[in-house]
Number of protein chains: 2
Amino acid sequence: MGNKVISEAVVKRLPRYYRYLEHLEQEGVTKVSSGSLARLLGVTASQVRQDFCNFGGFGQHGYGYDVSYLKGKLAEILGLDRQYDMIIIGAGNIGRALAGYKSFAAEGFKVRALFDIEVREPRIGDIPVYNIEKLSDYVKENGCDIAVIATQKSVASDVANQLVALGVKSLWNFAPIDLEVPDDVSVENIAMSESLYVLSYRMKNKNKN
Amino acid sequence: MGNKVISEAVVKRLPRYYRYLEHLEQEGVTKVSSGSLARLLGVTASQVRQDFCNFGGFGQHGYGYDVSYLKGKLAEILGLDRQYDMIIIGAGNIGRALAGYKSFAAEGFKVRALFDIEVREPRIGDIPVYNIEKLSDYVKENGCDIAVIATQKSVASDVANQLVALGVKSLWNFAPIDLEVPDDVSVENIAMSESLYVLSYRMKNKNKN
């Protein structure tokens, strides 16, 4: 794998494979075929095998994949074998909800602090809330693997620029705006409005498609 | 357009065009070229023109598009020219956050009620919270354009099945699970964990790609 560039489409499928394997493991399933995984993801069995080939393959042809082994391998590939320190900028509805979401912490993504222009309460659950003026000092002292942008759209770009200047390399963006960042910074967008518009589009066009 | 089937990729781009046009309009920009739109979306100018051709085109070649006109046309195509009644199932962190999110209401997506197995408070802001046992009666009486699934993963499928049986045709799913629904029901997923895993993948593989 070393220098091989993995396509965007494959990278996007990896978390879904992982999620299915987690589900299968919980159901007590120990072996799974590329055909079954393919059906779950809505791709072809050959696509599944090809995806796994990018990482050196994980099974013997005809025997299926060992669920626990494959899940472990995918966890490793996805970087889920370590912890990540997260901070959330914006303690509004979304920021607060993410801070309270237990399953991220269980998966290794630990929210360490929230920042807002107005500190209405010192903690949300166990997580301290600081004034945004403390962001720079906080990141310099504690570091930050992933910063969540849960601010108003109007300030999201400025916040992102500040985080990038502080050396944060991963942004998880909930603001409805495309952030411009240097090549060495990763951004993942949760585009809620866009997703709602797709629903309204389908409602409007149901009879046509 | 009538019977033409619009590809999934085009449908996913439409909300982004709309968002850019909204932004341009706010900035006081009145004309935009397919080239500018293309740069914003990271596609080619010819792709933009082709996308719009699906809907009969919206401009004269070489003159650029009128921002307000194009935005209005896209709003119409996306079904944003009407209101949608939404209900949220699950009054946990995400359900509460969505209920409090003002911008959806401003865009015509009105949250009318929340449902949970446990009603801890009668209202969240202006929105009533009901016991999930009342879901069926509520939907029969009031109808529902879009149901938001913000429950635990373990009950998300059951909730979806119940909503489908009640005739709800659009599900906005925040649970980390793929819902199986009949062909005439639309589902849009907000896959938060998967998006986080893409970030962790990129962190782990930064040096390789």
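Everything numeric in this text was worked out from a predicted model, so none of it was measured.

Calculation notes
Residues numbered from 1 in each chain as written. Chains lettered and ligands numbered in written order. Predicted model: local features only at pLDDT ≥ 70, side-chain atom pairs only at ≥ 80, totals over all residues. Heavy atoms only, no water. Helix = DSSP H or I, 4+ residues; strand = E, 2+ residues; numbered from the N terminus. Buried < 20%, exposed > 50% of the residue type's maximum accessible area, 1.4 Å probe, protein only. Contact = heavy atoms within 4.5 Å. Areas by Shrake-Rupley, 256 points an atom, 1.4 Å probe, with all protein chains shown as cover. Phe/Tyr/Trp six-rings, centres within 6.5 Å; stacked < 30°, edge-to-face > 60°. Lys NZ or Arg CZ within 6 Å of the ring centre and 35° of its normal. Buried area = accessible area lost by both parts, 1.4 Å probe. Salt bridge = Lys/Arg side-chain N within 4 Å of Asp/Glu carboxyl O. 1 Å grid on protein atoms, 1.4 Å probe; cavity = no way out; pocket = protein on both sides within 12 Å on 5 of 7 lines; lining within 4 Å. Points joined across faces, edges and corners; volume = space filled by probe spheres on them. Nonpolar A, V, L, I, M, F, W, Y, C, P; charged D, E, K, R; others polar. Axes fitted to C-alpha atoms, helices over the stretch in contact; angles between N-to-C directions. Parallel < 35°, antiparallel > 145°, perpendicular 65-115°, else oblique. Pairing = 2+ DSSP bridges. Core = buried A, V, L, I, M, F, W, Y, C linked by side-chain atoms within 4.5 Å. Least-squares fit on C-alpha atoms with pLDDT ≥ 70 in both. Polar contact = N/O pair within 3.5 Å; in protein donor to acceptor, adjacent residues only side chain to side chain.

Description of the overall build of chain A
Here is step 1 of the chain: Broken down by element type, chain A carries nine helices and nine strands.
Here is step 2 of the chain: Summarising its shape, the C-alpha atoms of chain A cover approximately 60 × 50 × 35 Å along the three principal directions.
Here is step 3 of the chain: Taking all 209 residues of chain A together, the buried fraction comes to 49%.
Here is step 4 of the chain: Sequence-distant contacts, at least 24 apart, represent 56% of the contacts inside chain A between residues at least 6 apart.
Here is step 5 of the chain: Within the structure as shown, chain A displays about 10100 Å² of accessible surface, and the carbon and sulfur contribution to it stands at 47%.

Some details on the packing of aromatic side chains
Here is step 1 of the chain: Using the criterion set out here, one finds 22 aromatic pairs over all chains in the structure.
Here is step 2 of the chain: Taking the centre distance of 5.4 Å and the plane angle of 70° together, the rings of Phe-115 of chain A and Tyr-138 of chain A count as edge-to-face. Separated by 23 residues along the polypeptide, Phe-115 of chain A in strand S4 (residues 109–116) and Tyr-138 of chain A in helix H7 (residues 135–142) bring together distant segments of the chain.
Here is step 3 of the chain: Residue classification places Tyr-138 of chain A among the buried residues on the basis of a relative accessible area of 13%.
Here is step 4 of the chain: Between Trp-172 of chain A and Phe-174 of chain A, the ring centres sit 4.9 Å apart and the planes meet at 75°, which makes this aromatic pair edge-to-face.
Here is step 5 of the chain: Look at Trp-172 of chain A and you get buried, because its relative accessible area is 0%.
Here is step 6 of the chain: Connected via pairs of aromatic rings, a cluster forms that spans Tyr-18, Tyr-84 and Phe-109 of chain A together with Tyr-197 of chain B.
Here is step 7 of the chain: Over the aromatic face of Tyr-20 of chain A sits the side chain of Arg-19 of chain A, whose NZ or CZ is 5.6 Å from the ring centroid.

Some points on the interface of chain A and chain B
Here is step 1 of the chain: Facing the 69 residues of chain A at the interface are 69 residues of chain B.
Here is step 2 of the chain: Surface buried jointly by chain A and chain B totals about 6200 Å² across both partners, of which 59% is contributed by carbon and sulfur atoms.
Here is step 3 of the chain: Summed over the three residues of chain A that lose the most area to chain B, namely Leu-196, Tyr-197 and Tyr-201 of chain A, the buried surface amounts to 12% of that side.
Here is step 4 of the chain: For the salt bridge of Lys-204 of chain B with Asp-81 of chain A, the shortest nitrogen-to-oxygen distance reads 3.0 Å.

Considerations on helix H5 (residues 93–100) of chain B
Here is step 1 of the chain: Of all eight residues that make up H5 of chain B, six are buried, and the element is covered over most of its length.
Here is step 2 of the chain: Among the residues making up H5 of chain B, those that are buried are Ile-94, Gly-95, Ala-97, Leu-98, Ala-99 and Gly-100 of chain B.

Quick notes on the layout of surface pockets
Here is step 1 of the chain: Here the second largest pocket is characterised by a volume of approximately 1400 Å³.
Here is step 2 of the chain: Broken down by secondary-structure element, the contributors of at least two residues to the lining of the second largest pocket are helix H5 (93–100), S4, helix H8 (153–165) and helix H9 (192–205) of chain A together with helix H1 (8–26), H5 and helix H6 (102–106) of chain B.
Here is step 3 of the chain: Broken down by element, the residue count for the lining of the second largest pocket peaks at six residues, all from H5 of chain A.
Here is step 4 of the chain: Its residues placed into classes, the lining of the second largest pocket shows 24 nonpolar, 14 polar and twelve charged.

Some points on the packing of helix H1 (residues 8–26) of chain A against helix H3 (residues 45–53) of chain A
Residues and elements named next belong to chain A.
Here is step 1 of the chain: Closest axis-to-axis distance for the H1/H3 pair is 11 Å, and the angle between their directions is 100°. The orientation of H1 with respect to H3, classified from their angle, is roughly perpendicular. Across from Val-10, Arg-13 and Tyr-17 in H1, the residues of H3 making contact are Gln-47, Val-48, Asp-51 and Phe-52.
Here is step 2 of the chain: Class assignment of the residues belonging to the contact of H1 with H3 gives a composition of four nonpolar, one polar and two charged.

With respect to the sheet that holds strand S6 (residues 127–131) of chain B
Residues and elements named next belong to chain B.
Here is step 1 of the chain: Read across the open sheet, the seven strands follow the order S5-S6-S4-S3-S7-S8-S9; overall the sheet is mixed. What marks the edges here is a single partner per strand, and that holds for strand S5 (123–124) and strand S9 (186–189).
Here is step 2 of the chain: Here four bridges tie strand S3 (residues 84–89) to strand S7 (residues 146–149), and the two strands are oriented parallel to one another. When the bridges of S7 are listed, Ile-87 appears paired with Ala-147.
Here is step 3 of the chain: Set on the sheet, helix H8 (residues 153–165) makes contact with S3, S7 and strand S8 (170–173); between it and S7 the angle comes to about 170°.

Describing the nonpolar core
Here is step 1 of the chain: Within the largest apolar cluster, 106 residues are counted, with the highest numbers of intra-cluster contacts made by Leu-37 and Trp-172 of chain A together with Leu-37 and Trp-172 of chain B.
Here is step 2 of the chain: When neighbours within four sequence positions are excluded, Leu-37 of chain B is seen to be in contact with Tyr-17, Tyr-20, Leu-21, Val-32, Val-48, Phe-52, Tyr-65 and Leu-70 of chain B.

Concerning the relation of the copies chain A and chain B
Here is step 1 of the chain: Of the transformation superimposing chain A on chain B, the axial component is 0.0 Å and the angular component is 180°, with the fit at an RMSD of 0.0 Å. On this basis, the relationship between the two copies can be described by a two-fold rotation axis. It is Ala-97 of chain A whose C-alpha, among those of chain A, lies nearest the rotation axis, at 3.0 Å.
Here is step 2 of the chain: Of all interface residues in chain A, 100% are interface residues in chain B too; the two copies therefore contact each other through one and the same surface.

Looking at the sheet that holds strand S9 (residues 186–189) of chain A
As a general point, the strands of a sheet are linked pairwise by backbone hydrogen bonds and lie either parallel or antiparallel.
Here is step 1 of the chain: Taken together, the seven strands give an open sheet; going across it, the order is S5-S6-S4-S3-S7-S8-S9 (chain A), and neighbouring strands pair in mixed fashion. Every other strand in the sheet has two partners, leaving strand S5 (123–124) and S9 of chain A as the edge strands with one partner each.

Quick look at the side chain of Ser-170 of chain B
Here is step 1 of the chain: Tracing the chain through its elements places Ser-170 of chain B in strand S8.
Here is step 2 of the chain: Contact partners of Ser-170 of chain B, with chain neighbours within four places excluded, come to Leu-199 and Met-203 of chain A together with Asp-145, Ile-146, Ala-147 and Ser-186 of chain B.

Brief notes about the environment of Trp-172 of chain B
Here is step 1 of the chain: Looking at the secondary structure, you find Trp-172 of chain B in strand S8.
Here is step 2 of the chain: Within the local environment of Trp-172 of chain B, its side chain forms a polar contact with the side chain of Ser-195 of chain A, the two groups lying 2.7 Å apart.

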